[in-house]
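# A look at the structure
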Amino acid sequence: MTVPMSYYLVLSGLVFLIGLVGVLTRRNIIIILLSIELMLNATNINFVAFSAYLGNVAGQVFVFFALTVAAAEVAVGLAIIIALYRHQSSINVDDFRLLRW
Amino acid sequence: MTLPLADLLTILPELLIVGAACLLLVLDPVMPPAKKSLLAWMSLGTLVLCFFISASSMNDRVFAFSDLVVVDPYASFWKLLLYLVSALTILLSMTYLKEERIDLAEYYGFILLSLVGMMVMVSAADLLTIYLGIELMSISLYIMVGFKRFEGKSIEASAKYFILGAFSSGILLYGISLLYGIGGSTRLSEISAVVTSRGGDDPLVLIALMLVIVGFGFKVAAVPFHMWTPDVYHGAPTSVTAFMAVASKAASFGALLRVLLEGFGGVKPNWNGIIFAMCLVTLGFGNLVAIVQTNIKRMLAYSSIAHAGYALIGLVVAGQAGAESAVASQGVSSIMLYLAIYSFMTVGAFAIVAIVRRSGVEGEELEDFTGLAKRHKGAAFLMMVFMVSLAGIPPTAGFIGKFYLFMAAVNAGLTWLAVIGLIFAAVSAFYYLRVVMVMYMREPSASQESETRLALTPATAIVLACAIAGVVFLGLYPAPLVSVTQSAVLPF
């Protein structure tokens, strides 16, 4: 028995929404970064599910690229957050008020 | 499997620039500090070389890497513009980085990497390459925005840009994944075929379209996805701000036009309304909020939002359902012309902001420009020309850009859109001319006179000369650029 395609779509939709709401509502910059990762991983679920459903490997290739890019993005992001923490001694986005948000 | 040589030659400029960027990163630690400017000249040399390579293949239309990349006149036009802007940014940075004491050669490496990302974006024929280009551009820019790492402002801007940039890429990527599910491929040509046959009422197509537009909306800084722009433009080093305001906007528009017109060309009625609404709010919000700004960098940030609104007029024209192909091409070519002209005046304005120094920091507050004409006649005059051009007053190039956009709107039967654009251009004259008024009609305080100086070096002089030449020459004799943009539009 195989899992129907729609289940994967619902799952990825939910994960994406959790990430989206997380970015918009959480104040801790690390949690925001994790929420963005959730959004990217929802995308990967989509690609792999579609790839299996359509019997086409292009989606899986895309996942490799997406993973690599996400890793590079996180590396730069964490470096920025560390530099920010040294200045502000805080990782709460409400404390970053040098520039009007 | 081997990579065919023909494919590699197609992306020769990209390869050369990546090579130069890597070389810069390697050479930076081993070069004696006194010779660091050699590295900047090396990156400039690479850009000049690539300019000639891209210019010589301007009329080709070649697909490479099994249709992942296309080099057509449209892509070549954007690439030439991007080389020019990057070269001006590098020249400006050579002085600016020394003044700010952040003179590290990897900065030039990041400019080149970011440039490659933009080049990949504009010559992508597949959503995968577009995504990779966007990320390469963005990740390099996150670092460059935070380059003044001893300054809280710069790091904070970098963090904000990173969060919102990564967020928008995530949204765009989700849209791409849905498109892959619909079409079974990420090639724009195949997506176009599937989207056209399924029609715009298919919910999956609609959701994917929305997500793609939102993702690109962030990149071109269109309202309501503009909230990062003022903070990031304000906090970033000024040379980086100029680069972002011009190059990243041009590249994002280049990719957006290709995705919407080639990928979603069959469902124009479904996205034209959204672009239309975005265009109106962007014009209104950008121009009105710019009025209350007292910091020139923030003001120019809102002005760049407003200019994205003007450029969107061209996209509305090109996306009109049932428009003749001549009208649609006019919409696209007027965007290309507008952004090329916008590059000259914006780089010029930011260059003046970067070289006017007050008490060791850059003169980014409007107040720092008080009575500038008394002491530095040349700088004040150049700033006046750039402001007049940004406001779109003849005989400067800014007028020509707006003229062709509004003409395209009128030809497409959108006369009242042109009228709205004209009204907002009049509103924008208020805040641009206020800078001129402050420079020419206010008396500077005694302390200000002694504190202000110009960081004028041969390199910055070249930047200003290029910018002013572009603004004046294109204002008086735009025909060559107009014919280039008209021959380089996307095929309809």
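Notes on the structure in this doc start here. (Residues numbered from 1 in each chain as written. Chains lettered and ligands numbered in written order. Predicted model: local features only at pLDDT ≥ 70, side-chain atom pairs only at ≥ 80, totals over all residues. Heavy atoms only, no water.)

Here we come to the interface of chain B and chain A. Of the residues lining the interface, 41 residues belong to chain B; the matching set on chain A comes to 42 residues. Between chain B and chain A, the buried area comes to about 3,700 Å², and carbon and sulfur atoms account for 78% of it. The tally of links from chain B across to chain A stands at zero salt bridges. The element best represented in the side of chain B that touches chain A is helix α7 (residues 152-183) of chain B, accounting for 23 residues. (Contact = heavy atoms within 4.5 Å. Buried area = accessible area lost by both parts, 1.4 Å probe. Salt bridge = Lys/Arg side-chain N within 4 Å of Asp/Glu carboxyl O. Helix = DSSP H or I, 4+ residues; strand = E, 2+ residues; numbered from the N terminus.)

All names here are of chain B. Read from one edge to the other, the open sheet built from three strands follows the order β4-β3-β5, with strand pairing classed as antiparallel. Each edge of the sheet is formed by a strand with only one pairing partner; in this case those strands are β4 (361-362) and β5 (452-454). In this sheet, β5 lies alongside strand β3 (residues 356-358) in antiparallel orientation, the contact comprising three bridges. For Arg357, the partnering residue across the bridge sits in β5 and is Arg453. The strands touched by helix α4 (residues 73-100) within the sheet are β3, β4 and β5, with β3 carrying the most contacts at an inclination of about 5 degrees. (Pairing = 2+ DSSP bridges. Axes fitted to C-alpha atoms, helices over the stretch in contact; angles between N-to-C directions.)

Okay, the nonpolar core next. The tendency in soluble globular proteins is for nonpolar side chains to be buried side by side. Residues and elements named next belong to chain B. By size, the foremost hydrophobic cluster in this structure holds 228 residues, and its most contacted members are Trp271, Phe369 and Met387. Ranked by residue count, the leading element in this core is helix α14 (residues 325-355), at 20 residues. Excluding its chain neighbours within four sequence positions, the residues that come into contact with Met387 are Met299, Leu300, Ala349, Tyr432, Val435 and Val436. (Core = buried A, V, L, I, M, F, W, Y, C linked by side-chain atoms within 4.5 Å. Buried < 20%, exposed > 50% of the residue type's maximum accessible area, 1.4 Å probe, protein only.)

All names here are of chain B. For the structure shown, the criterion picks out 19 salt bridges over all chains. The partner of Asp28 in a salt bridge is Lys36, and the shortest N-O contact between them spans 3.3 Å. Residue classification places Asp28 among the buried positions, given a relative accessible area of 9%. Here Lys374 ties to Glu443 by a salt bridge, and the two come within 3.5 Å at their closest N and O atoms. Here Lys374 is found in helix α15 (residues 372-375), whereas its partner Glu443 is found in the loop between α18 (415-441) and α19 (446-451), with 69 residues between them in sequence. Lys374 gets classed as partly exposed once you look at its relative accessible area, which sits at 42%. Overall, the relative accessible area of 59% leaves Glu443 in the exposed class.

Once that is clear, we can look at the environment of Asp202 of chain B. All names here are of chain B. Its location among the elements puts Asp202 in the loop between α8 (188-198) and α9 (203-220). When its relative accessible area of 14% is taken as the criterion, Asp202 is described as buried. A polar contact of 3.0 Å, which involves the side chain of Asp202, links it to the backbone nitrogen of Leu204. (Polar contact = N/O pair within 3.5 Å; in protein donor to acceptor, adjacent residues only side chain to side chain.)

Between helix α2 (residues 29-54) of chain A and α7 of chain B, the least distance of the axes is 9 Å, while the angle of their chain directions is 15 degrees. With respect to each other, α2 of chain A and α7 of chain B are oriented roughly parallel. Along this stretch, α2 of chain A crosses α7 of chain B, giving a crossing that reads as left-handed. The residue inventory of the contact of α2 of chain A with α7 of chain B, partitioned by class, reads 21 nonpolar, six polar and no charged. (Parallel < 35°, antiparallel > 145°, perpendicular 65-115°, else oblique. Left-handed = near helix turned anticlockwise from the far one by under 90°. Nonpolar A, V, L, I, M, F, W, Y, C, P; charged D, E, K, R; others polar.)

Turning next to the packing of helix α3 (residues 37-56) of chain B against helix α5 (residues 106-122) of chain B. All names here are of chain B. Following both chains from N to C, one finds α3 and α5 inclined at 20 degrees, their axes separated by 10 Å at the closest point. Of the possible angle classes, the one that applies to α3 and α5 is roughly parallel. Regarding α3 and α5, the two cross each other, and that crossing is left-handed. Here Ala40, Ser43 and Leu47 of α3 lie close against α5, whose contacting residues are Tyr108, Leu112 and Leu115. Across the contact of α3 with α5, the residue classes break down as five nonpolar, one polar and no charged.

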